[in-house]
Amino acid sequence: AQRVTQPEKLLSVFKGAPVELKCNYSYSGSPELFWYVQYSRQRLQLLLRHISRESIKGFTADLNKGETSFHLKKPFAQEEDSAMYYCALRTGGGNKLTFGTGTQLKVEL
Amino acid sequence: NAGVTQTPKFRVLKTGQSMTLLCAQDMNHEYMYWYRQDPGMGLRLIHYSVGEGTTAKGEVPDGYNVSRLKKQNFLLGLESAAPSQTSVYFCASRDGTSVNEQFFGPGTRLTVL
């Protein structure tokens, strides 16, 4: 069965420090992975997807099929990066998404 | 464009009461989804729809029913609310392209006493 694991409930870093939010997945098919972000008092929104290989707001994520991982990285954390981050895996018919449990990122001054 | 809207924003029910949550989207999207968000459990899919007149079960469908009579609306019903259904409910929609981005509503906070 498909599963997305985000091992950290809370990640606290100082401003300017590197950030890595971990995501591992389990899926028998060809994986399609996403990172969604929920800022305080805002709705959940797409941050980036692995197919696009893009950098959004300084964040990048590389799909590693060997390690079944899709970790989210940013070299220098900013205060405005504080938010809840969800890793998601597209699964099966209906283009459903299976979400991880989320990681709360707190960037401290 | 309003995007995805949800009604109501907040609701308190007593055990056994029924209610309907409304999700509306003005983007002409084919697919619509209902999720619940619980602390430490992330978002879990309740039901979804791949087009007008269709519905399908997600990961946690028990205790909920849905209807998609119009393309722009997706209704989530609780026939007999239970305290275990206290949660934040999110609706999402997406179009039929390969981009695969889901657009989310602002959420409905439901408390069942």
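Residues numbered from 1 in each chain as written. Chains lettered and ligands numbered in written order. Predicted model: local features only at pLDDT ≥ 70, side-chain atom pairs only at ≥ 80, totals over all residues. Heavy atoms only, no water.

## Re the environment of B:G40
Residue and element names in this part refer to chain B.
No. 1: Tracing the chain through its elements places G40 in the loop between β4 (31-38) and β5 (42-49).
No. 2: With relative accessibility at 45%, the residue G40 sits in the partly exposed group.
No. 3: Along the primary structure G40 and V66 are separated by 26 residues, whereas in three dimensions their C-alpha atoms are 25 Å apart. (Helix = DSSP H or I, 4+ residues; strand = E, 2+ residues; numbered from the N terminus. Buried < 20%, exposed > 50% of the residue type's maximum accessible area, 1.4 Å probe, protein only.)

## Regarding the interface of chain B and chain A
No. 1: The interface is formed by 22 residues belonging to chain B together with 18 residues belonging to chain A.
No. 2: Between chain B and chain A, a total of about 1,700 Å² is buried, with carbon and sulfur atoms accounting for 52% of that surface.
No. 3: Looking at the side of chain B facing chain A, the largest losses of area belong to B:L43, B:N100 and B:F104, adding up to 32% of the total buried there.
No. 4: Remark: the boundary between chain B and chain A carries nine residue pairs in polar contact (both at pLDDT 80 or more).
No. 5: Residues that form the side of chain B that touches chain A fall into these classes: 13 nonpolar, seven polar and two charged. (Contact = heavy atoms within 4.5 Å. Buried area = accessible area lost by both parts, 1.4 Å probe. Polar contact = N/O pair within 3.5 Å; in protein donor to acceptor, adjacent residues only side chain to side chain. Nonpolar A, V, L, I, M, F, W, Y, C, P; charged D, E, K, R; others polar.)

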